[in-house]
Structures are given as structure tokens and as C-alpha cells.
Amino acid sequence: DHPSLLEIYKIADKHNLIVMIHPDKGQPQAIEKILKNYPNVIFLFHGTDNMGSYAIDIVRKYPNAYFTIDTDLSDIPNERESVSLYDAKSKEEFVSEFKRDYNKVLNGAITKWKSAIEKYPDKFLWATDRAYEMHFDPEVGALLEEISRSFIGQLSPDAQEKFAYKNAERLLQES
């Protein structure tokens, strides 16, 4: 809710744009403030490690709030000994650790997100979070796609397509 961003929200409102935000920890009040003050703006939040458990409350309470899930499908947050898409020193290290921890990552994401997605199937979207050169490597991409498909396959049939692509299509058509 920094004053420098308020003009962006006004422009987004005027031109029916989606605003994607990667909030920092400890910002639930600021997030709620912008959601209340800009009810016609679609806010797409990203960053499970930063929003934590209040992501579910936000999408439940605000019709203009949506949330993407991605990094929970590539590492195990707060586990120093597990795979990490952003902490791996090389592609080879990531691939090795990802294969080693695949079931643990998948089961952790299912435990954390399945019930929320199924309860609010119109509010969550699958996303990719790639930033470094290694993330665009075909082998790394294939692993991330494989676990994403496995995760989506664990969702109820009603939630699968919505999470995988229909929610994104709908938001883009509405904007």
C-alpha cells in the first residue's frame, strides 16, 4: 500500500488490468487495505513463502484476490537439506536433489494446498516461477512440469482444469 503504488492501482482500475504482487512477510494489513480500496482491480498474489497461511484467508474474503502456486512444487520451504530451485548451485545439483526429494515435495504441496484449492477452486492458479538461466533448461523444465502435472492430478476433477489453466484464461478474458 505504498503511496508510489497507489497510482498504479488507479491505472489498473481504469484500464481493467491485473496487478500481480509478490508481497513481503508481515503485510496482511496492507494487502487487505488495497483489496478493500480497489475492489474492481484483480490482484494476483504470488509467493507462498511470504504470504504463508494468510493467502487462503485473503482469497476467501476478497472476490478480487487470486493466488498462484508454483515454488511449493519445486522445493520444500524451510528445509535446508532438501532440494531448492533457488539455492541450487548448478543444474546437476538441482536435478539430483529434485529427483531424490520428488515424493517429499509432491506430498508436501498436496498436504499444504489440496484442500484450499478444492474449497476455492476459482481462486488459485498454477504458475511457473523461473528466474535464473538454469530454470529454463529443458531438463529442469521437464521436471517442474512433471511434478506440476502430478500435483494437478491429485486435485478433484472439478478443480483440476480450473487450477491448471481455466482460471488464468478467465482472468485474462475479463481484463
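Because the structure is predicted, anything quoted here is derived from the model rather than measured. (Residues numbered from 1 in each chain as written. Predicted model: local features only at pLDDT ≥ 70, side-chain atom pairs only at ≥ 80, totals over all residues. Heavy atoms only, no water.)

We now examine the sheet that holds strand β3 (residues 65-69). The strand order β1-β2-β3-β4 describes an open sheet built from four strands, whose pairing is parallel. In this open sheet, the two strands that pair with only one neighbour each are β1 (18-21) and β4 (124-126). If you compare each strand with its neighbour and ignore which way they point, the axes differ by 30 degrees on average. (Pairing = 2+ DSSP bridges. Helix = DSSP H or I, 4+ residues; strand = E, 2+ residues; numbered from the N terminus. Axes fitted to C-alpha atoms, helices over the stretch in contact; angles between N-to-C directions.)

Judged by nonpolar contacts, the single largest core of 48 residues is most densely connected at Phe43, Phe45, Phe94, Phe124 and Phe151. No other element matches helix α5 (residues 91-119), which puts 11 residues into this core. If near-sequence neighbours (up to four positions away) are discounted, Phe94 is found in contact with Ser74, Val83, Ser84, Leu85, Ala88, Met134, Val140 and Leu144. Of all hydrophobic cores here, the second largest spans five residues; its members include Ile42, Leu44, Tyr66 and Leu125. (Core = buried A, V, L, I, M, F, W, Y, C linked by side-chain atoms within 4.5 Å. Buried < 20%, exposed > 50% of the residue type's maximum accessible area, 1.4 Å probe, protein only. Contact = heavy atoms within 4.5 Å.)

The terminal C-alpha atoms of helix α7 (residues 157-174) lie 24 Å apart, and with 18 residues this matches the ideal 26 Å at 1.5 Å per residue to within 8%. The sharpest bend along α7 reaches about 60 degrees and sits at Phe163. When α7 is considered as a whole, its buried residues turn out to be Ala159, Phe163, Asn167 and Leu171. Those residues of α7 that are buried are in contact with β1, β2 (42-45), β3, α5, β4 and α6 (138-153). (Expected span 1.5 Å × (residues − 1). Bend = angle between axes of the 7 residues up to and from the residue.)

In total, this model carries nine aromatic pairs according to the counting rule given. For the pair Tyr9 and Tyr38, a centre-to-centre distance of 5.4 Å together with 65 degrees between the ring planes defines the contact as edge-to-face. Residue Tyr9 is located in helix α1 (residues 3-15), and its partner Tyr38 is located in the loop between α2 (28-37) and β2; the two are separated by 29 residues in the primary sequence. Under the relative-accessibility criterion, Tyr9 is labelled buried at 4%. Residue Tyr38 is classed as buried on the basis of its relative accessible area, which comes to 11%. Plain terms: the ring middles of Tyr9 and Phe43 are 5.3 Å apart, the flat faces sit at 80 degrees to each other, and that makes the pair edge-to-face. With Tyr9 in helix α1 and Phe43 in strand β2, this residue pair connects regions lying 34 residues apart in the sequence. An aromatic cluster is defined as three or more aromatic residues linked by ring pairs; in this entry it consists of Tyr9, Tyr38, Phe43 and Phe45. The residue whose ring lies beneath Lys123 is Tyr66, and the NZ or CZ to ring-centre distance is 4.4 Å. (Phe/Tyr/Trp six-rings, centres within 6.5 Å; stacked < 30°, edge-to-face > 60°. Lys NZ or Arg CZ within 6 Å of the ring centre and 35° of its normal.)

What follows covers the pairing of β2. A two-sided burial pattern is seen for β2, the buried positions comprising Ile42 and Leu44 on one face and Phe43 and Phe45 on the other. Handedness of the crossover is the feature at issue here: the chain leaves β1, passes through α2, returns alongside β2, and the resulting connection is right-handed. The pairing of β2 with β3 spans three bridges and is classified as parallel. In the sheet register, Phe45 faces β3, and the bridge partner there is Phe67. (Right-handed = clockwise from strand over helix to strand, strands pointing away.)

Running from N to C, α5 and α6 cross one another at 25 degrees; their axes reach a closest spacing of 9 Å. One way to sum up the angle between α5 and α6 is to call them roughly parallel. When the axes of α5 and α6 are compared, the crossing they make is right-handed. For the pair α5 and α6, the contacting residues are Lys91, Phe94, Val95, Phe98, Lys99, Tyr102, Val105, Leu106, Ala109, Ile110, Trp113 and Ile117 in the first and Glu139, Val140, Leu143, Leu144, Glu146, Ile147, Ser150 and Phe151 in the second. (Parallel < 35°, antiparallel > 145°, perpendicular 65-115°, else oblique. Left-handed = near helix turned anticlockwise from the far one by under 90°.)

This part is about the environment of Ser4. One can find Ser4 in helix α1. With 66 residues separating them along the chain, Ser4 and Asp70 place their C-alpha atoms 28 Å apart.

This next bit is on the pattern of salt bridges. In total, this model carries 11 salt bridges according to the counting rule given. A salt bridge links Asp1 to Lys33; the nearest nitrogen and oxygen atoms lie 3.6 Å apart. Residue Asp1 is found in the segment before α1, and its partner Lys33 is found in helix α2; the two are separated by 32 residues along the sequence. Relative accessible area serves as the criterion here: at 37%, Asp1 is assigned to the partly exposed category. (Salt bridge = Lys/Arg side-chain N within 4 Å of Asp/Glu carboxyl O.)

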